[in-house]
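Chains, contacts and geometry: an overview
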Amino acid sequence: MGNGGVMVLSGAPLRVRRGPRFMIAAYDYDLIVIGSGPSGRRAAVQASKFGRSVLVIERQAQVGGVSVHSGTIPSKTLRETILNLTGWRERGFYGVNYRVKQSIDAQDLSMRLYKTIQGEVEVLEHQFARNDIAVTRGTARFIDRHTISIAGEEGVEQRARGRAIVIAVGSVPHRPAYVPFDDASIIDSDGMTRLACLPRSLTVIGGGVIGIEYATIFSALGVRVTIVDQREHVLEFIDHETIEEFVHQLRDRGVNFRLGSTVESIAIEAGQPVAILEGGRRVRADLLLYTGGRQGATDALDLEAAGLKADSRGRLKVDPITFQTEIPNIYATGDVIGFPALASTSMEQGRIAACHACGQPVPPAPKFFPYGIYAVPEISTVGLSEDEARTRKIPYETGIARFRETSRGVIMGKSEGFLKLVVGLDGHRILGVHIVGEGATELIHIGQAVMNFNGSVEYFIEATFNYPTFAEAYKIAALDVWNRITPRDAVEGVSPAVSPPESAPRRATRRPGGIGNRKTAS
């Protein structure tokens, strides 16, 4: 116990490897990580792999952070549960009225949700234990740039000193004062996984990723959904043609859009929330979900004690290469630094921060990383959109493969959805891949890999894909590009070149009687 009844959190003095001997250091841990979400746990594990001592501070009762308990994992579990129980994927054959379970209630959804979350927590706890990572529960607060105070549930304060500190506290839903949240009929995104009963109608304020995901998930359940957004288009950062296909599918199944409409106020009338729009239009439903963005969960950190200051949304500014804040030994990763705020990129940010903090070479961030929107249908994209290619004045062409053109699509009854390639005319490099439909978030990784290896459209034309699969859509889209850019006046009997020979690795030509370039033994 330290001065003033403060417990110093350290099982033993820090031992830092220096050849065959150990030295006593002035810190309790090499690395202290505040938060156990995707970026926090990846930073902790990476530092442990380097032989460093690590402490993870988690304010919730269980590890995992927002991602496991109210964000990524719960929303995707909810989506999968609804698609399974409603028989959504089979309706292409059996009709729109087909259902696996005729009566679906909130308990059906929460049962699978609980099992999934507990499974994730067990995996994380095992991972921390296997890597000898210390975990403590409590609310972290800076004392200085190296010292953290940890307030436990019973008012016991502990302190720990770290050579480096990673802030990975995640984010919380933005709750503006004009929205009368009651956590029953007017809720934020965290409340969607704690519903006591399912609504018959839903108003979603905000056409961003979170709003669109929940709107389409509940639409698949048969809930009447209205999406309200002050912008003229939803998901404006996605390729325009891809969003047109997506919105068409939503309108076709009865989702209503009130775009270009500002919400002036929200009221409760006859027990129902009513969104009153600019001009007097009213949108009534059983449940109103407000998804007006998120903000960094930094309020309780006392950042000023460490020399840091967050912006108006609680976010921290960092070096984009090392993820260091203005204070060199303090790093920030994940949602707390803002865009892109994806679990996948957050993990990589945590790993890079840990490498730098441990004095190891900092791996370069991937040039291309995918966005995945787990709506119904899924959307995933990597690289440039058509608009971005035009803005950069890059000559390009596109190719599209409809899922109904693939045998796998026919087997599964998928008449909607497509894969789109954006290809540069100079060398025919793949500039972007955009997918809407079944399995989009899985399929995108094929395009991502080819792009990161600077591949061209020839790869997809020449590659052999398992059959039948949705992956063959890459070949169909590539051939569509080929048809658009290949001149038709080639010499008779000679196939026109798809691109210059040096633009992509070619397969080795086989000599007669041999394998590859090797001569066969006589």
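Because the structure is predicted, anything quoted here is derived from the model rather than measured.

**Concerning the sheet that holds strand β16 (residues 272-277)**
Taken together, the three strands give an open sheet; going across it, the order is β15-β16-β17, and neighbouring strands pair in antiparallel fashion. Of all the strands in the sheet, the pair left with one neighbour each is β15 (263-269) and β17 (282-284). When strand polarity is set aside, the average angle formed by the axes of neighbouring strands in this sheet is 20°. Bridge analysis of β16 against β17 gives three bridges, and the strand direction is antiparallel. When the bridges of β17 are listed, I276 appears paired with R282.

**Some thoughts on the nonpolar core**
Ranked by internal contacts, the top residues of the largest apolar core, which has 50 residues, are I32, I34, V54, F142, I148, I167 and L301. With sequence-adjacent residues up to four places away left out, V54 is seen in contact with Y29, L31, V33, A44, A47, S48, I133 and A134. L109, I187, Y214 and L287 belong to the second-largest nonpolar core, a separate cluster that totals 39 residues.

**Quick notes on helix α8 (residues 343-357)**
Residue pairs three or four apart in sequence face the same way in an α-helix, which turns once every 3.6 residues. With 15 residues, α8 should reach 21 Å at 1.5 Å per residue; the first-to-last C-alpha distance of 21 Å fits that figure. Taken together, the buried positions of α8 are T345, S346, E348, Q349, G350, I352, A353, A354 and C355. Note on α8: the residue one or two positions beyond its end, G359, has a positive phi of about 75°.

**A look at the confidence of the model for the protein**
Note: predicted coordinates in regions of low pLDDT should not be interpreted at a detailed level. The predicted model of the protein averages 89 in pLDDT, with 89% of residues at 70 or higher. A low-confidence stretch, residues 1-5 stays under pLDDT 50, and its non-local contacts, those more than four residues away or across chains, total five contacts.

Cut-offs applied
- Residues numbered from 1 in each chain as written.
- Predicted model: local features only at pLDDT ≥ 70, side-chain atom pairs only at ≥ 80, totals over all residues.
- Heavy atoms only, no water.
- Pairing = 2+ DSSP bridges.
- Helix = DSSP H or I, 4+ residues; strand = E, 2+ residues; numbered from the N terminus.
- Axes fitted to C-alpha atoms, helices over the stretch in contact; angles between N-to-C directions.
- Core = buried A, V, L, I, M, F, W, Y, C linked by side-chain atoms within 4.5 Å.
- Buried < 20%, exposed > 50% of the residue type's maximum accessible area, 1.4 Å probe, protein only.
- Contact = heavy atoms within 4.5 Å.
- Expected span 1.5 Å × (residues − 1).
- pLDDT = per-residue confidence, 0-100.

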